[in-house]
Amino acid sequence: MKGFSLVIFLTGIGHILNLCFFPILTLFVSQSEVVSIAKIDGALALMISIVGFGLNASTSRDVALLQDPTSVIESTQSSKITLSLVLSLLGAIWISINGFDEFAFAALFAPILALGYENVLYGLGKPVLAAVASFIRQSIPLLILLALALIGVVSWEVYSFFILLFYVVAAAFVAELCQARLFYGVRQDFFFDYLDAVIS
């Protein structure tokens, strides 16, 4: 019961922060800066969805069925890293030719966004630790950014820095819990992993 209550508590804080972050931000930061931060936020969220497309759900399922999830984690993370490197290269090319673009910026940092695999913790039957990882990844940077907003030092660059930083911190936390690696190599047949995740 305590574990369930903690999950509800941490998840609730995350939802409240997501709902209140931008309305509170408008009180301390210029409208143009809030718009820039919102665009970056949307681009990063979309990039996370693209990198994890189909794999997150299938990985949670496969991990729940196996005694040792190491091979599943390695396969999934290698595929995510490979796709993210392709996206990062495309983002760099786009920015070098056309200048700054929020989506290209998010693509540039896709390899960082590919590091996370807290969904594995649900497959391992550890929802409390998954909620803690989610809190580290999502809620802590927002709390820091709101504190910085009080003294007027928040910008889209600062926002991006803290979001990406705590994405790595959360990913390292999950890797330690799973006794797995944080970084994985590329996988030549990564496309088939995505295809299999979609059709299975």
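None of these values were measured; they are calculated from a predicted model.

A short note on the overall build of the chain
In step 1: Helix and strand counts for the chain come out as 10 helices and 0 strands.
In step 2: Listed N to C, the secondary structure of the chain is α-α-α-α-α-α-α-α-α-α in terms of helices and strands.
In step 3: Taken over C-alpha atoms, the radius of gyration comes to 18 Å for the chain, in line with the 16 Å a tight globule of 200 residues would show.
In step 4: For the chain, buried positions account for 42% of its 200 residues.
In step 5: Taking the contacts inside the chain whose residues are at least 6 apart along the sequence as the reference set, 75% of them involve residues at least 24 apart.
In step 6: Per element, the accessible surface of the chain, about 10,500 Å² overall, is 69% carbon and sulfur.

Description of the layout of surface pockets
In step 1: The computed volume of the largest pocket comes to approximately 330 Å³.
In step 2: In this structure, the largest pocket is lined by 14 residues; those nearest its centre are Asp41, Arg137, Gln138, Tyr159 and Ile163.
In step 3: Elements with a minimum of two residues in the lining of the largest pocket: α1 (2–25), α2 (31–51), α8 (127–150) and α9 (156–177).
In step 4: Considering each element in turn, the lining of the largest pocket owes the most residues, 5 residues, to α2.
In step 5: Taken as a whole, the second largest pocket spans an internal volume of roughly 230 Å³.
In step 6: Together, 13 residues line the second largest pocket, and Ile48, Asn56, Glu118, Asn119 and Tyr167 are the ones closest to its centre.
In step 7: Sorting the residues of the lining of the second largest pocket by element identifies α2 and α7 (119–123) as the ones contributing at least two each.
In step 8: Looking at the lining of the second largest pocket residue by residue, the class counts come to 6 nonpolar, 4 polar and 3 charged.

Things to note about α9
In step 1: Taking 1.5 Å of rise per residue, 22 residues should cover 32 Å, and α9 covers 32 Å from first to last C-alpha, within 8% of that figure.
In step 2: Those residues of α9 lying buried are Tyr159, Ser160, Phe162, Ile163, Leu164, Phe166, Tyr167, Ala170, Ala171, Val174 and Ala175.
In step 3: Where α9 ends, the next residue or the one after it, Gln179, has phi of about 55°, a positive value.

Structural notes on the nonpolar core
In step 1: With 53 residues, the main nonpolar core has Phe21, Leu25, Met47, Tyr117 and Tyr159 as its most contacted residues.
In step 2: In terms of residue count, α9 provides more of this core than any other element does, 10 residues in total.
In step 3: The contacts of Phe21, once residues within four sequence positions are left out, are Ile37, Leu142, Leu145, Leu146 and Tyr159.

Topic: the pattern of salt bridges
In step 1: The tally for this structure, following the rule as stated, stands at 2 salt bridges.
In step 2: Ionic pairing is found between Arg137 and Glu118, a salt bridge with its closest N-O pair at 3.0 Å. In this pair, Arg137 is assigned in helix α8 and Glu118 in the loop between α6 (110–113) and α7, connecting sequence segments 19 residues apart.
In step 3: The partly exposed category is assigned to Arg137, whose relative accessible area is 22%.
In step 4: Taking the shortest distance from any N to any O, the salt bridge between Asp189 and Arg187 comes out at 3.2 Å.
In step 5: Asp189 sits in the partly exposed class, given a relative accessible area of 34%.

Cut-offs used in this document
- Residues numbered from 1 in each chain as written.
- Predicted model: local features only at pLDDT ≥ 70, side-chain atom pairs only at ≥ 80, totals over all residues.
- Heavy atoms only, no water.
- Helix = DSSP H or I, 4+ residues; strand = E, 2+ residues; numbered from the N terminus.
- Rg over C-alpha atoms; globule rule 2.2 N^0.38 Å.
- Buried < 20%, exposed > 50% of the residue type's maximum accessible area, 1.4 Å probe, protein only.
- Contact = heavy atoms within 4.5 Å.
- Areas by Shrake-Rupley, 256 points an atom, 1.4 Å probe, with all protein chains shown as cover.
- 1 Å grid on protein atoms, 1.4 Å probe; cavity = no way out; pocket = protein on both sides within 12 Å on 5 of 7 lines; lining within 4 Å.
- Points joined across faces, edges and corners; volume = space filled by probe spheres on them.
- Nonpolar A, V, L, I, M, F, W, Y, C, P; charged D, E, K, R; others polar.
- Expected span 1.5 Å × (residues − 1).
- Core = buried A, V, L, I, M, F, W, Y, C linked by side-chain atoms within 4.5 Å.
- Salt bridge = Lys/Arg side-chain N within 4 Å of Asp/Glu carboxyl O.

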